[in-house]
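# Coordinates in review
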Amino acid sequence: MRISLNWLRELVDVSISPEELAETLTMAGFEVEDIEDRRPWANGVVLGKIIACEQHPNADKLRVCQVDVGSGEALNIVCGAPNARADIYVPVAVVGTFLPTIDLKIKPAKLRGVPSEGMICSLAELGLSKESAGIHIFELENPELGSDIRPLLGLDDVILDLTATANRADALSMVGVAREVAALTGASLRIPEANGVAIEGKESPSLAVEISEPQGCPIYIGTAIEGVKIAASPAWLQQRLQAAGVRPINNVVDVTNYILLEWGQPLHAFDRDRLQSFTGTQDISIGVRFASSGESFKTLDGQNRNLQAQNLLITASDKPVALAGVMGGEDTEVHEGTQNLVLEAAIFDQATIRRSARAQGLRSEASIRYERGVNQAALTTACNRAVALIVELAGGAATVQKTASSGEDLSFSRSLELRLDRVNLVLGQLKRGQTGGSKYLEPEEVKNILTALGCEVVATEKERVFGITVPPYRYRDLEREIDLIEEVARLHGYDNFCDTLPSKTEPGYLSPEYAAIRNVRSAFRAAGLTELMHYSLVKTEGENQVVLANPLFVEYSALRTEMLSGLIDAFGYNLEQGNGALNGFEVGRIFWKEDGGQDAHPTMKEADAVAGIIGGDPTVWKWQQGGRDRPLTWFEAKGILESAFQELGLSVEYQSDSSNTRLHPGRTAALSLNGKHLGVFGQLHPQLQQEKGLPEQVYVFQLDLAVLLGELGRCSNSTRKFAGYSSFPASDRDIAFFAPIEVPVVEMQSAMKKAAGSLLDSVELFDEYRGDNVPAGQRSLAFRLIYRAGDRTLSETDVEPAQQKVRDVLVEKFGVSLRS
């Protein structure tokens, strides 16, 4: 908000310089982004009177003026403005004046052979407008020639461009800023009061106000004013609006904007005659309701607005005439011929106005204030002050005033307790404690600070505890004890508290969990997979999904319950874009709901997972294949996954699984780690692969990250340990047998390792055969067992007993038929 220092000085006694005031406000949380000092813009420009004006002898568009600037001798000035004439008062830049706006220093000159001793200025040359059609002409009753023109144009002012935080809606008004300055500097405060507004009590034509949406509009005041005369505002009002960056329009509209700036209370004036013509009735009934489907109306900016259900409307006889709290309508605006008014002063709900403005893509000075929250306690004061100013500047009389409210308790008082010990605990020691004074804030200091803010401070029965009554204009902001503590720190000065640094610094480090996650990512990248990242938001499809209450799009209306769908879509998208097969992985979070039973509400759950997708031809050069792609086999894809597990030092077991309907029932494995379910790995179901238009064989996996991290966090895996190796030769044995197809190889390997004991170094499947000469329902398997000892060369008597135990356990436990 742009703060005029001249205006501010009328409300509070500011004696410090603009720079000091800007520093004070900034340190208190109100950042001053710019200081616009207008005083140099017209330094040396004085009031003059054109006493004679003649045509230039050598130029059609120039005039030679004789200008009296009170120095006793008229100045000869050549002027090119079309509105230059005799007997007018004008701003004159005398010789030696520098005009920074146009970067010009006035010097004696000759224009087409005629000497010129100064320049008659326009508002553009003085920095008050971008363009001017001619020189500025003053309308003055008692002009003093040769006087400084800066007070006449408001150029003796300094403008502070102040930014307030979202919680300080009171700082979007001159009164609010004045209260803040008074609290910070201890200066006297003068709040403008509304003089008594006489309502004549006429009822014809009548005015009624009815609120259909009390939640969106708790209070609405409508005032009828008759017999006004629309004209330009007086200079003082125009200058204040211009200093604040508001364009003057006419006396009525300017008064509503003036009150907006002064009190932060948006107002709107309707042309009563246009309201009557628009509604077709003499009796005006103002209403507040939400828009209906298909409604539209034209706002003041000339745009035809298609209304939505969240748009709160002001209506006349149920016809929309304004977007409540945002912008009025073009059909009922005040114009040059307006004679009768209906003045609106209302309080609107913050969230309602925010949604309404956003739905139309429209923000105004009014909506900005309503969105942050206006001071409800000042509504009547602001309304009466506006009525008084309109009557003063535009004439007329207030005839009817009607108020409608929701009927709820609208008291704006709040009582809080403030513990002095809590204040000192949160804020810490003061710097003055280093020089021998009190280390902490004293009760009297805290009381004085809060009193300066307008709070009522009283002692309570509890020791070192104050009872605080919050002023109405800070009702929305000061809600808890910590808010009061913040105010104490802010006004006392953040820089007046001690800086407390840690006594001993420690080097930063990664937490064990995050370090383990980094290792997981590194392992999958080392396996040749690209790390991917997707949104956690998906379409609403499943029953156990966590659905968003306010989604941005239908496609992002729920949280994902698994990660494979996003990876499959990404794989297909990359193929469509000509990027080839996407072999990647993602570390992310999944969400779901669990039914709590008949009487209990469902509970929300979340977990971290690692998922990936692998497909396409793994070979880079295909000249050995005649340039044709070769499908990735199940074992090649499994090898990529195994290499990541090997990098992490994990031994993962695979079990046949057909529970996932999106995966191939015969090429899917459930993964486990030390007896805990880890996840799933398998080939996409051929039907799904055809629907998505993917290559012949694409493989996916999804793992439980918590299980992975739990295993990596164990002492045995946290640090890699060196294992000694044997320098003696190994002894290998092969064993072949027929085994039922449903018996997993991993179970047989585990049983062989356990039966053979410590001499068995490794067991590896090297052949599988199904077909002729193999019994139905079985397969031929061949394993190679490697025996090794660390202290000797093994003999037949060492190996054969262990090998026999292996044969026995295979026959007894799995019912195999030995072939060797």
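Our structure is the block above this text.
For the structure given in this document, a descriptive report is provided here.

Parameters and conventions
Residues numbered from 1 in each chain as written. Predicted model: local features only at pLDDT ≥ 70, side-chain atom pairs only at ≥ 80, totals over all residues. Heavy atoms only, no water. Pairing = 2+ DSSP bridges. Helix = DSSP H or I, 4+ residues; strand = E, 2+ residues; numbered from the N terminus. Contact = heavy atoms within 4.5 Å. Axes fitted to C-alpha atoms, helices over the stretch in contact; angles between N-to-C directions. Salt bridge = Lys/Arg side-chain N within 4 Å of Asp/Glu carboxyl O. Buried < 20%, exposed > 50% of the residue type's maximum accessible area, 1.4 Å probe, protein only. Polar contact = N/O pair within 3.5 Å; in protein donor to acceptor, adjacent residues only side chain to side chain. Left-handed = near helix turned anticlockwise from the far one by under 90°. Nonpolar A, V, L, I, M, F, W, Y, C, P; charged D, E, K, R; others polar. Phe/Tyr/Trp six-rings, centres within 6.5 Å; stacked < 30°, edge-to-face > 60°.

## Some points on the sheet that holds strand E21 (residues 327-328)
Hydrogen bonds between backbone groups are what pair the strands of a sheet, and the pairing can be parallel or antiparallel. Read from one edge to the other, the open sheet built from five strands follows the order E13-E16-E19-E20-E21, with strand pairing classed as mixed. Strands at the two margins of the open sheet, each flanked by one partner only, are strand E13 (207-211) and E21. Of the strand pairs in this sheet, strand E20 (residues 319-323) and E21 are connected by two bridges, and their pairing is antiparallel. When the sheet's bridge partners are listed, Leu 323 is paired in E21 with Met 327. Contacts from helix H7 (residues 272-279) reach strand E16 (284-290), strand E19 (312-316) and E20 within the one sheet, and its direction differs from that of E20 by about 140 degrees.

## A closer look at the pattern of salt bridges
Throughout the structure, instances matching the rule amount to 38 salt bridges. For Arg 464, the salt bridge is made with Asp 421, and the minimal N-O distance between the two is 2.8 Å. With Arg 464 in the loop between strand E25 (456-459) and strand E26 (465-470) and Asp 421 in helix H11 (residues 420-427), this residue pair connects regions lying 43 residues apart in the sequence. Overall, Arg 464 belongs to the partly exposed group, its relative accessible area being 38%. Within the structure, one salt-bridge network assembled from shared partners comprises Arg 168, Asp 170, Glu 180, Arg 474, Asp 477, Glu 487 and Arg 490.

## Focus: the side chain of Arg 474
As for its position among the elements, Arg 474 is in the loop between E26 and helix H13 (481-492). Owing to a relative accessible area of 2%, Arg 474 belongs among the buried residues under this scheme. In this structure the side chain of Arg 474 is engaged in a polar contact, spanning 3.2 Å, whose partner is the side chain of Glu 487. Contacts of Arg 474, omitting those with residues within four sequence positions, involve Arg 168, Asp 170, Leu 453, Glu 487 and Arg 490.

## Quick notes on helix H18 (residues 705-712)
Among the eight residues in H18, six count as buried, and that is most of the element. Along H18, the residues classified as buried are Leu 705, Val 707, Leu 708, Leu 709, Glu 711 and Leu 712.

## Brief notes about the pairing of E16
The element E16 is largely enclosed, with a buried count of five among its seven residues. Across five bridges, the pairing between E13 and E16 is parallel. Counterpart to Val 209 in the pairing with E16 is Ile 286. Bridge count for E16 against E19 is five bridges, and the pairing is antiparallel. Looking at the pairing, Gly 287 lines up with Thr 315 of E19.

## Here's the deal with the packing of H11 against H13
The relative placement of two packed helices is expressed as an angle between their axes plus a distance between the axes. Contact geometry of H11 with H13 gives a least axis separation of 10 Å together with a crossing angle of 60 degrees. Crossing of H11 over H13 shows right-handed handedness. Two secondary-structure elements touch here, H11 through Arg 422, Val 423, Val 426 and Leu 427 and H13 through Glu 481, Ile 482, Ile 485, Val 488 and Ala 489. Considered class by class, the residues forming the contact of H11 with H13 number seven nonpolar, no polar and two charged.

## Some words on the packing of aromatic side chains
Counted according to the given criterion, the structure contains eleven aromatic pairs. Seen in terms of ring centroids, Phe 348 and Tyr 370 are 5.1 Å apart; in terms of plane orientation they differ by 75 degrees. Their pairing is edge-to-face. Placement of Phe 348 in the loop between strand E22 (340-347) and helix H8 (350-360) and of Tyr 370 in helix H9 (residues 365-372) is noted, with a sequence separation of 22 residues between them. The buried category is assigned to Phe 348, whose relative accessible area is 2%. The exposure class assigned to Tyr 370 is buried, which follows from its relative accessible area of 2%.

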